[in-house]
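Descriptive structure summary
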Amino acid sequence: MERTLSIIKPDGVAKGLIGEVIKRFEKNGLKIVAMKMIYISKKEAEWFYAVHRGKNFFDSVTDFMSSGPCVVMVLEGPKAITKNRELMGATNPKDAAPGTIRREFASSIERNIVHGSDAPETAAFEIGYFFNALEICG
Ligand code: ATP
Ligand code: MG
């Protein structure tokens, strides 16, 4: 069993894709064990994407992430981190495999509907940032 953090980004929420994304998780063996809708501030987005500080898209992506509400979730299941990344597809929707969330719904490399943790260490860190132990119903 593994846990990962998923975010439906402001474009996914604005496009009415919360149900579509959640359906894909639930159909594919990823159980939602925590969930909430929140606004991520610019400062929080800068922290969240700190590994990208200094890159040319940093200012733009952190503006985007703080532009509207997000849905943050903890997903649990076998190989949850990899499974979630498979369902999401590649960062750039043009490179994402057919049938993936980003291929079907993303409008650009920046506005790509979903975030998913990329490794066990980042998953643990990101889950701990958004949820405390009492909020996770595993
Ligand atoms: P995420 O971390 O959101 O799950 P990812 O791991 O597929 O996505 P990263 O390389 O971590 O991709 O990039 C973080 C986010 O920054 C991307 O999801 C996207 O929103 C944005 N981004 C990445 N590369 C670019 C780029 N070249 N131009 C614009 N935005 C970008
Ligand atoms: Mg990433």
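These remarks concern the structure in this document.

Rules behind the numbers
- Residues numbered from 1 in each chain as written.
- Chains lettered and ligands numbered in written order.
- Predicted model: local features only at pLDDT ≥ 70, side-chain atom pairs only at ≥ 80, totals over all residues.
- Heavy atoms only, no water.
- Helix = DSSP H or I, 4+ residues; strand = E, 2+ residues; numbered from the N terminus.
- Core = buried A, V, L, I, M, F, W, Y, C linked by side-chain atoms within 4.5 Å.
- Buried < 20%, exposed > 50% of the residue type's maximum accessible area, 1.4 Å probe, protein only.
- Contact = heavy atoms within 4.5 Å.
- Near = heavy atom within 4 Å.
- Polar contact = N/O pair within 3.5 Å; in protein donor to acceptor, adjacent residues only side chain to side chain.
- Areas by Shrake-Rupley, 256 points an atom, 1.4 Å probe, with all protein chains shown as cover.
- Nonpolar A, V, L, I, M, F, W, Y, C, P; charged D, E, K, R; others polar.

**Here's the deal with unusual backbone geometry**
In this model, K79 sits at a positive phi of 50°, which is unusual for a non-glycine residue. Structurally, K79 can be placed in the loop between β3 (69-77) and α5 (80-88). One non-glycine residue, I113, lies in the positive phi region at around 70°. By secondary structure assignment, the location of I113 is in the loop between α6 (101-105) and β4 (114-116).

**Quick notes on the nonpolar core**
The biggest cluster of nonpolar side chains holds 19 residues, and the ones touching the most others in it are L5, I7, M65, V74, F130, F131 and I136. Breaking this core down by element, the ones donating at least two residues are β1 (2-8), β2 (31-39), α3 (42-48), α4 (58-65), β3 and α7 (120-130). When residues in this core are grouped by element, the largest group, four residues, is from α4. Those residues in contact with I7 that sit more than four places away from it in its chain are I40, F48, M65, C70, V71, V72, I113, V114, H115 and F130. Among the nonpolar cores identified, the runner-up in size contains 17 residues, and F25, L30, M73 and M88 belong to it.

**Concerning the site of ligand 1**
Taken together, 14 residues lie around ligand 1, and Y49, T91, E110, N112 and H115 are the ones closest in. At a separation of 2.8 Å, an oxygen atom of ligand 1 approaches a polar backbone atom of E110. Bound to the protein, ligand 1 loses 81% of the 580 Å² it would expose on its own. If you list the elements that add at least two residues to the shell around ligand 1, you get α5 and β4. The residue makeup of the shell around ligand 1, split by class, is five nonpolar, five polar and four charged.

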